[in-house]
Amino acid sequence: GEDVEQSLFLSVREGDSSVINCTYTDSSSTYLYWYKQEPGAGLQLLTYIFSNMDMKQDQRLTVLLNKKDKHLSLRIADTQTGDSAIYFCADRYTDKLIFGTGTRLQVFP
Amino acid sequence: DAGVTQSPTHLIKTRGQQVTLRCSPKSGHDTVSWYQQALGQGPQFIFQYYEEEERQRGNFPDRFSGHQFPNYSSELNVNALLLGDSALYLCASSLQGANNEQYFGPGTRLTVT
């Protein structure tokens, strides 16, 4: 079946950039999403990219898509302590979302 | 503009019991999807409802069933609860035919003892 994989942890210093990576297997992927989940909370939609795009920028967030390698990344510029959370990559497969296991981002001063 | 709401927030049930979880979609949305998120995992798709019918289903047993009402709100029912059903149950709403941006509610934390 379709699968999405992410690294489990990332630790960065406040003010640095964070890059969270994701790989997926779906060849017919149309949309790919990034969600943020804080402890005990639901998922917050951060941004998404359509499969015919290579890059999308939204304020501090930059999404890069390499369709050939089926690789997606989320760059957070000027990372703040409030960015500490779990970040999920999700692939739209038919009308359902296939999620990775999430990357826990820890920001230290 | 109210976002996606879910009730209850927390629930504790005993093995073998039945549970009903509720979801109200974001204003203007007509599609509701349910996901199960086990501790330390990503959400897993259970099923999706549109026009009061189940449109898609994930790899979950028939003990999991749902319903969508004319006002687009939805219920998730789980029968014969197992310990392994303990999880965060997330509801997401979206607008059919759009880019499938799914907006999630805060979830219902179900504990089965």
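What you see is a predicted model, and the numbers here were worked out from it, not measured in a lab. (Residues numbered from 1 in each chain as written. Chains lettered and ligands numbered in written order. Predicted model: local features only at pLDDT ≥ 70, side-chain atom pairs only at ≥ 80, totals over all residues. Heavy atoms only, no water.)

Undergrad: Any details on the state of the cysteines? Residues and values, ideally.
TA: Simply put, the disulfide is a covalent bond whose two ends are the sulfur atoms of two cysteines. All names here are of chain A. Per the stated rule, a full pass over the model turns up two disulfides over all chains. With its sulfur 2.0 Å from that of its partner, Cys-22 forms a disulfide with Cys-89. Between Cys-22 and Cys-89, the disulfide has an S-S torsion of -55 degrees and is therefore left-handed. Here Cys-89 lies in strand E9 (residues 85-93) and Cys-22 lies in strand E3 (residues 18-24), a separation of 67 residues in the sequence. The buried category is assigned to Cys-22, whose relative accessible area is 1%. (Disulfide = S-S within 2.5 Å. Helix = DSSP H or I, 4+ residues; strand = E, 2+ residues; numbered from the N terminus. Buried < 20%, exposed > 50% of the residue type's maximum accessible area, 1.4 Å probe, protein only.)

Undergrad: Which residues make up the pairing of E9 of chain A, and what values do they have?
TA: Residues and elements named next belong to chain A. Within E9, eight of the nine residues are buried, which leaves the element mostly enclosed by the surrounding structure. In this sheet, E9 lies alongside strand E4 (residues 31-37) in antiparallel orientation, the contact comprising six bridges. Among the inter-strand pairings, Leu-32 is bridged to a residue of E9, identified as Asp-91. Note: E9 against strand E11 (residues 103-108), three bridges, orientation antiparallel. Within E11, the position partnered with Tyr-87 by the bridge is Thr-103. If you look at the hairpin formed by E9 and strand E10 (residues 96-99), you'll find two residues sitting between the two strands, and Thr-94 has a positive phi there, around 55 degrees. (Pairing = 2+ DSSP bridges.)

Undergrad: I'd like a rundown of the interface of chain A and chain B, residues and numbers included.
TA: At the junction of the two partners, chain A supplies 18 residues and chain B supplies 22 residues. Between chain A and chain B, roughly 1,600 Å² of surface is buried when both sides are summed, and carbon and sulfur atoms account for 50% of that area. Where chain A touches chain B, the interface holds one salt bridge. Between Asp-95 of chain A and Arg-55 of chain B there is a salt bridge, with its nearest N and O atoms 3.0 Å apart. The interface formed by chain A and chain B holds eight residue pairs in polar contact (both at pLDDT 80 or more) in total. Of all the secondary structure elements, the ones that give two or more residues to the side of chain A that touches chain B are E4, strand E5 (43-50), E9 and E10 of chain A. (Contact = heavy atoms within 4.5 Å. Buried area = accessible area lost by both parts, 1.4 Å probe. Salt bridge = Lys/Arg side-chain N within 4 Å of Asp/Glu carboxyl O. Polar contact = N/O pair within 3.5 Å; in protein donor to acceptor, adjacent residues only side chain to side chain.)

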